[in-house]
Number of protein chains: 2
Amino acid sequence: MSDVLSVDPRTGRPRGRVGAASTAQDVDRAVRAAAAAAPALGDRARRADLLRTAAALLEKSGDEIVATADAESALGPVRLTGELARTCYQLRAFADVVEAGAYLDVIIDHADPSAAPAPRPDLRRYKVPLGVVAVFAASNFPLAFSVPGGDTASALAAGCPVVVKAHPDHPATSVLCAGILRAAAVEVGLPEDVVGLVLGFDAGPELVRHPLTAAVGFTGSVRGGRALFDIASSRPRPIPFHGELGSLNPVVVTPRAAETRADEIGAGLAASYTLGMGQFCVKPGLVLLPEGPAGEAVLRAVVAAAVPSGPLLDPRMREAFLAGVRSRVALPGVAEPLAAGEAGDDGAPLAVRPGVLTVAAARVADGGPYEELLEECFGPLTVVVRYGSTVERDAVLGALPGNLTATVHLAADERDDAAQALVAGLSAIAGRVVVDGWPTGVTVAPAMQHGGPYPASTSTSTSVGSTAIERWLRPVCYQNVPDPLLPAELREANPLHLPRTVDGVRTA
Amino acid sequence: MSDVLSVDPRTGRPRGRVGAASTAQDVDRAVRAAAAAAPALGDRARRADLLRTAAALLEKSGDEIVATADAESALGPVRLTGELARTCYQLRAFADVVEAGAYLDVIIDHADPSAAPAPRPDLRRYKVPLGVVAVFAASNFPLAFSVPGGDTASALAAGCPVVVKAHPDHPATSVLCAGILRAAAVEVGLPEDVVGLVLGFDAGPELVRHPLTAAVGFTGSVRGGRALFDIASSRPRPIPFHGELGSLNPVVVTPRAAETRADEIGAGLAASYTLGMGQFCVKPGLVLLPEGPAGEAVLRAVVAAAVPSGPLLDPRMREAFLAGVRSRVALPGVAEPLAAGEAGDDGAPLAVRPGVLTVAAARVADGGPYEELLEECFGPLTVVVRYGSTVERDAVLGALPGNLTATVHLAADERDDAAQALVAGLSAIAGRVVVDGWPTGVTVAPAMQHGGPYPASTSTSTSVGSTAIERWLRPVCYQNVPDPLLPAELREANPLHLPRTVDGVRTA
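Reading guide: rules and limits
- Residues numbered from 1 in each chain as written.
- Chains lettered and ligands numbered in written order.
- Predicted model: local features only at pLDDT ≥ 70, side-chain atom pairs only at ≥ 80, totals over all residues.
- Heavy atoms only, no water.
- Helix = DSSP H or I, 4+ residues; strand = E, 2+ residues; numbered from the N terminus.
- Rg over C-alpha atoms; globule rule 2.2 N^0.38 Å.
- Contact = heavy atoms within 4.5 Å.
- Areas by Shrake-Rupley, 256 points an atom, 1.4 Å probe, with all protein chains shown as cover.
- Buried area = accessible area lost by both parts, 1.4 Å probe.
- Salt bridge = Lys/Arg side-chain N within 4 Å of Asp/Glu carboxyl O.
- Polar contact = N/O pair within 3.5 Å; in protein donor to acceptor, adjacent residues only side chain to side chain.
- Nonpolar A, V, L, I, M, F, W, Y, C, P; charged D, E, K, R; others polar.
- Least-squares fit on C-alpha atoms with pLDDT ≥ 70 in both.
- Phe/Tyr/Trp six-rings, centres within 6.5 Å; stacked < 30°, edge-to-face > 60°.
- Buried < 20%, exposed > 50% of the residue type's maximum accessible area, 1.4 Å probe, protein only.
- Pairing = 2+ DSSP bridges.
- Axes fitted to C-alpha atoms, helices over the stretch in contact; angles between N-to-C directions.
- Parallel < 35°, antiparallel > 145°, perpendicular 65-115°, else oblique.
- Left-handed = near helix turned anticlockwise from the far one by under 90°.
- Core = buried A, V, L, I, M, F, W, Y, C linked by side-chain atoms within 4.5 Å.

## A look at the overall build of chain A
Part 1: Of regular secondary structure, chain A possesses 14 helices and 22 strands.
Part 2: By the compact-globule yardstick of 23 Å for 508 residues, chain A fits well, its C-alpha radius of gyration being 24 Å.
Part 3: Each of the three principal axes of chain A carries a C-alpha extent, and together these read 75 × 60 × 40 Å.
Part 4: Within chain A, contacts between residues at least 6 apart in sequence are counted, and of these 76% link residues at least 24 apart.
Part 5: Counting every atom, chain A has about 17500 Å² of accessible surface; 57% of that belongs to carbon and sulfur.

## Some points on the environment of Cys-377 of chain A
Residues and elements named next belong to chain A.
Part 1: Note that Cys-377 resides in the loop between α12 (361-366) and β17 (381-387).
Part 2: Between the C-alpha atoms of Cys-377 and Ala-185, which are 192 residues apart in sequence, the distance is 39 Å.
Part 3: Residue contacts for Cys-377: discarding those within four places in its chain leaves Lys-283, Phe-321, Gly-324, Val-325 and Arg-328.

## Considerations on the interface of chain A and chain B
Part 1: The interface is formed by 68 residues belonging to chain A together with 68 residues belonging to chain B.
Part 2: For the chain A face of the interface with chain B, the top three residues by lost area are Ala-447, Gln-479 and Leu-485 of chain A, together amounting to 12%.
Part 3: Connecting chain A to chain B are zero salt bridges.
Part 4: At the junction of chain A and chain B, the tally comes to 34 residue pairs in polar contact (both at pLDDT 80 or more).
Part 5: Secondary structure elements with two or more residues in the side of chain A that touches chain B: α4 (77-100), β3 (106-109), β4 (123-129), α8 (222-234), α14 (417-427), β19 (430-435) and β20 (473-479) of chain A.
Part 6: Looking at the side of chain A that touches chain B, the element that brings in the most residues is β20 of chain A, giving seven residues.
Part 7: For the side of chain A that touches chain B, the residue count by class is 37 nonpolar, 12 polar and 19 charged.

## Notes on the relation of the copies chain A and chain B
Part 1: Of the two same-sequence chains, chain A is brought onto chain B (RMSD 0.0 Å, axial shift 0.0 Å) by a rotation of 180 degrees. Expressed as a symmetry operation, the mapping of one chain copy onto the other fits a two-fold axis. For chain A, the minimum C-alpha distance to the rotation axis belongs to Ser-233 of chain A and amounts to 3.3 Å.
Part 2: When the interface residues of chain A are mapped onto chain B, 100% of them are again interface residues, pointing to one common binding face.

## Looking at the packing of aromatic side chains
Part 1: According to the stated counting rule, one finds 12 aromatic pairs over all chains in the structure shown.
Part 2: Measuring from centroid to centroid gives 5.3 Å for Phe-141 of chain A and Phe-280 of chain A, while their planes differ by 50 degrees, and the two rings are tilted. Here Phe-141 of chain A is found in the loop between β5 (132-136) and α5 (150-158), whereas its partner Phe-280 of chain A is found in the loop between α9 (255-274) and β11 (286-290), with 139 residues between them in sequence.
Part 3: Residues Phe-229 of chain B and Phe-241 of chain B carry aromatic rings whose centres are separated by 5.9 Å and whose planes lie at 85 degrees to one another, so their mutual orientation is edge-to-face.

## Let's talk about the pattern of salt bridges
Part 1: Here the structure, examined in full by the defined rule, presents 52 salt bridges over all chains.
Part 2: The shortest N-O distance in the salt bridge between Asp-105 of chain A and Arg-125 of chain A comes to 3.9 Å. A residue pair is termed long-range when its members are at least 10 positions apart, and Asp-105 of chain A in the loop between α4 and β3 and Arg-125 of chain A in strand β4 qualify at 20 residues.
Part 3: Judged by its relative accessible area of 2%, Arg-125 of chain A falls in the buried class.
Part 4: As a salt-bridge pair, Asp-413 of chain B and Arg-256 of chain B come within 2.9 Å of each other at their nearest N and O atoms.

## Here's the deal with the sheet that holds strand β22 (residues 505-507) of chain B
Part 1: If you walk across this open sheet you meet the 12 strands as β13(A)-β16(A)-β17(A)-β11(A)-β10(A)-β18(A)-β19(A)-β20(B)-β4(B)-β3(B)-β21(B)-β22(B), and the pairing is mixed. Of all strands in the sheet, those bounded by a partner on one side alone are β13 (335-338) of chain A together with β22 of chain B. Across this sheet, the average inter-strand angle for adjacent strands is 25 degrees, counted without regard to direction.
Part 2: Strand contacts of helix α10 (residues 293-304) of chain A: β11, β13, β16 (355-360) and β17 of chain A, with the helix running at about 140 degrees to β11 of chain A, the strand carrying the most contacts.
Part 3: Along the sheet face, α14 of chain A touches β10 (250-253), β18 (403-409) and β19 of chain A together with β20 (473-479) of chain B and points at about 150 degrees away from the line of β19 of chain A.

## Side note on the sheet that holds strand β15 (residues 351-353) of chain B
All names here are of chain B.
Part 1: Spatially, the three strands line up as an open sheet ordered β12-β15-β14, and their pairing is antiparallel. A strand with exactly one partner marks an edge of an open sheet, and here the two such strands are β12 (310-311) and β14 (341-342).
Part 2: Both β14 and β15 contribute to a ladder of two bridges, which runs antiparallel. In the sheet register, Glu-342 faces β15, and the bridge partner there is Val-352.
Part 3: Lying over the sheet, helix α11 (residues 315-329) contacts β14 and β15, oriented at roughly 25 degrees with respect to β15.

## Description of the packing of helix α2 (residues 44-60) of chain A against helix α6 (residues 171-187) of chain A
Residue and element names in this part refer to chain A.
Part 1: Between α2 and α6, the least distance of the axes is 8 Å, while the angle of their chain directions is 130 degrees. As judged from the angle between their axes, α2 and α6 are oblique. The handedness of the crossing between α2 and α6 comes out as right-handed. Of α6, the residues touching α2 (which contributes Leu-50, Thr-53, Ala-54, Leu-57 and Leu-58) are Cys-177, Ile-180, Leu-181, Ala-183, Ala-184, Ala-185 and Glu-187.
Part 2: A class-by-class count of the residues in the contact of α2 with α6 yields 10 nonpolar, one polar and one charged.

## Comments concerning the nonpolar core
Part 1: Of all hydrophobic cores here, the largest spans 107 residues; its most connected members are Phe-321, Val-385 and Leu-426 of chain A together with Leu-50 and Tyr-478 of chain B.
Part 2: Looking at this core element by element, the count peaks at eight residues for helix α4 (residues 77-100) of chain B.
Part 3: With sequence-adjacent residues up to four places away left out, Leu-50 of chain B is seen in contact with Leu-41, Leu-156, Leu-181, Ala-184, Ala-185, Val-188, Leu-190 and Val-194 of chain B.
Part 4: If you look at the next biggest cluster of nonpolar residues, it comprises 105 residues, including Val-66 and Val-128 of chain A together with Leu-374 and Leu-381 of chain B.

## Examining the side chain of His-409 of chain A
All names here are of chain A.
Part 1: Following the sequence through the fold, His-409 ends up in strand β18.
Part 2: Polar contacts involving the side chain of His-409 include one to the side chain of Arg-261, which spans 3.4 Å.
Part 3: Side-chain polar atoms of His-409 contact the backbone oxygen of Gly-437, separated by 2.9 Å.
Part 4: When sequence neighbours within four positions are dropped, the list of residues in contact with His-409 reads Val-251, Val-252, Val-253, Thr-254, Ala-257, Arg-261, Ile-265, Asp-436, Gly-437 and Trp-438.

As C-alpha cells, this is what we get:
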C-alpha cells in the first residue's frame, strides 16, 4: 500500500504521511457510499443548510486550514485567507441558488387539445441531479478549486453527492476539508458520505471509470485532463466531463493604449502575471504589444516592476517551469529582457524568479517550433509578442487555441468600429473578454463565465458562478402526470414557490 | 465516384441516381462554405425570417416533398403530410424562440466596488453560436429529423450554419429539401451556404472530423451513433456530440390498471408499437404486465387488435428486424402470441407483420442471453414481460439501460405513495415520464424533453422543443467593457428589448 505524503514545496521535504493511496476497492466503496447518500440530498432546504453549515465550519477551522494549506502550497497566509473567504462565499452563494430555485428551469405547458399541428398533452419539465460527481482538485487552489471548491459546491447544490480526488500537492488540506464537509453533513442531518475523498494517482482513472460515477469536474493540466476526458468518453456509458485544462489568456495592447497608459499597463501586467507566482489558470501568458516606442515603454514598465521570487506549488512544477523557460529562450529571436529562472537569492532553496520573453509576431505566426509559445507555461512567465500591424496582431490571435480569457487595453477614446471588431474577435477565442483590466481575479457572480473553447474547457460550461450548477443536472419531462404524483416542484399550485415558465409566460 | 441511389423500400428496386457520394474534398468545401456564411447569421431578425420563409417554401412544395419522401420511405402520404406540418411548425416555433431572445440567457451584474469577498467588476454574459453544426439525418423521419428537421432548425435559430449528412434511405428528399432551405436563405438575403448537404457513408466521419465542425446533432442507431461520438470525442479538439441513439421505452401496467382498463390499454399499446411500422425512437419496446387474469386480458387485447403489415424503411432494416425477431423467439421461455415476421399476405413483397413476444420477468432479470430483450428491436415488435411482484417489476426496470421515455398505466384512483414512487423511479431511467398515455407522438413544446440517460442520448440535452437550441451555444462574459463596444444584446439601455437578469432580478 503506497503512502501519500504531504510535502513542503519551499524545501521539497516531506512533512509527514497523510494516508494510504486509495485502492480500486477504496474508490468503489467511496462511490457506492456516495450513491447511497444521494436520495438524502433530494431535500433542497437541507442542501442549502449543508452548504451554509460547511462555510461556517470551514471558517471556524480557518486558522488550521490556512496553516495547513500554506505548509503544503507555499501560497502564503494572505492569499489563502482570501481564498478561504472566497470558498465560503461560494458555498453560501450556491445555497442562495438552491433556495431561489430558478436553476430547476421549471417549464409547464398545459394540455391543449386544439393545438396545431397536433393536440398537446400536459407537459412539465424541470431538472434533476445526475448522480455521483467525481471532482478533481486543482493544484493551484487548495481550497476554492479543491475539496470545498466550486465543483463540490455546485454539485452538492444540484443534489449530487461528490467524491473528490485530492490533489497530490495538498493531501493534508484535502483530508482536513473533507472531514469538515462530512461533519457539516452530519450536523444538518445528512449522511456524511455525501462527500467522499480518495487519494493517490491511480484513484483518478478508477473514479472516472466507476459505473456509478455520473459526471466529472476537473481543473488541471491539458495532459492530465485530456487523459481523464478520454476515459470518460470511452466508457461503455460515456459521462459528461467538465474539464478546465489550460489557457494562454492573450492580452492585446493597442498602439494608442500604449501611448497613453504605458506605465499603468506595464505595472498591471507585472502584477497580474506574477500573482500567486503565475500559477493561475487565467495568468496572462501572451501579450501583444505594438512595435515602436510606446510598446517599448510598456515593456520597460513591466521589466522595471518589482516582482517577488518564490517557490512554486511543487518541485515537479518547478522543473517543468524551468524547462519551459529554457526551451522558449532557446528559440532564435526570443529575447529575455527579464530572465526567469532559479532565484537563488533568497532563503527558499526552491524559489524561482519571474521573467518576461519577447518575440516578433511574424515568428509566432510561422508556427513550427514557435508553437511552443502558444502553449501555457505554468508559472511566472509571460511572452511579449511585438506586432507591427493589425494584420500581424490578428494572425497571432488567429493561431491561438481556445482560451479562458482574452483581454484588450484601449485608449480612453478608442470606442470606434476597430475597437468593437477587436472585442468581438476576442469573444470568438475566449469565454471571457476583459477590457482595460486583467484576467486574474475571477469574480464569483451569476454573469461569470470561467470556461472557453478547447483546451480552455472540454465543454461549453463554466466552473465559476451560479450557472456552474447546470453541469450536474438533466431535464426530465412529465407528460399527463396526475398532480398528486408529480414532484412538488411541478405541481399546479406551485407549493415550493418556484419561478417558472407557464404556457410561455415567465412568473417569479 | 460512387453513385447515391434512391431506392423504393416497397420493392427494394432503385428509383434512380440522386448524385455522387461526397468526397473528402466535397465535405471540406461544404464545411468551409458554411463557416464562411456564419457571420451573416449573426442577425437575429434575419434568422427568424429564414426559418419562417423555409417553412413557407416547404409548404409550397408540399406535394412534391410528400410524394418523394413516400417513394423513398414507404411511410405513406398521411403520415408524411403530418410530418411536414410538424416540421414547418417546428421551424416557425424556433423563429419565435429567436425573436423572444430568452435563449440568449442575458445576465448582467453591475460593478460593485464594495462587494464581499472582493470588489466586483461589471460583468455581462450571453450566449453565442458555436459555429458549423453537422447534422445527421434520421432514417425514420425524412423531414422532422432530417434536412429541414429539429437539429437544423435549432442550429440555424442559434446562429449556426448547418451541414447535413443525408440519410441513405431518402437522398432524393434530402436534396429536394436542402435546395428549398438554400432558396429560403437567398430569399431573405442570406448566403445559401448556411445550409449544406453531403451524401454517402464516408461523408459522415469526414464531417465529424473536420476542424471547422463545431458540434454534431445525430439521430440514429446505437452502433452508428457511438462510432461517430467516438470520433467527435477523440478529435484533437473534441466537440459536443448530441446524439439520440436508442431506447426501449418501457411501459409498466399496474395490476389495478390492468383490472380496470385492460381493453383500452391493450388497444392503445397495439396502436403505439405499430405506429409508423414500429420505426419510432419512442416505440414502446418492453411492456411490464402483471401475471394473472388481468394482465392476460391486456395481452389478449393487444394480440386481438388489427395491426397493419407493411414495408420497413429499407431492406437492410427489414433483415435486421427479422433476424432480431428470430433470435429473441429462440430464447427458451419466450413465446410469440402474435408472430412477427415476413408478411407475404399483401401486395408489397418486402412487407413485415407486427408481433408480440412474452417472457417472464425472472428470465429477463437473469441477464445472459436474455439481455437481448433489453435492446431495441427497430420495427413493429414489442416484448411483454410478465411480473409477479413489484420486486420482479423493479428488478427488470433496474436492469434497463437509459431511455427516452418511460410510461406507466395506473387505475384512476391509484394516487398513493406506491404510484408516486413508481413515477419517481421511472424518472431515474428516462427523460420523459408518461402516465396513462403512450410515448409515441413527441410534442414540439417548450417543456418537452426528448433525450435521456445513455444510450437514449449521448448528452443531457433534448433534440425536440425550444430548449434544443441550447445545444449549439456557449456563454461569453464581458468584463468591464465600455457600453459602445458591447454587443447590442448586452448594452445597458437594452436596445433589443431582451429579457434579462440584472443584479439578480429577472426582467421581461
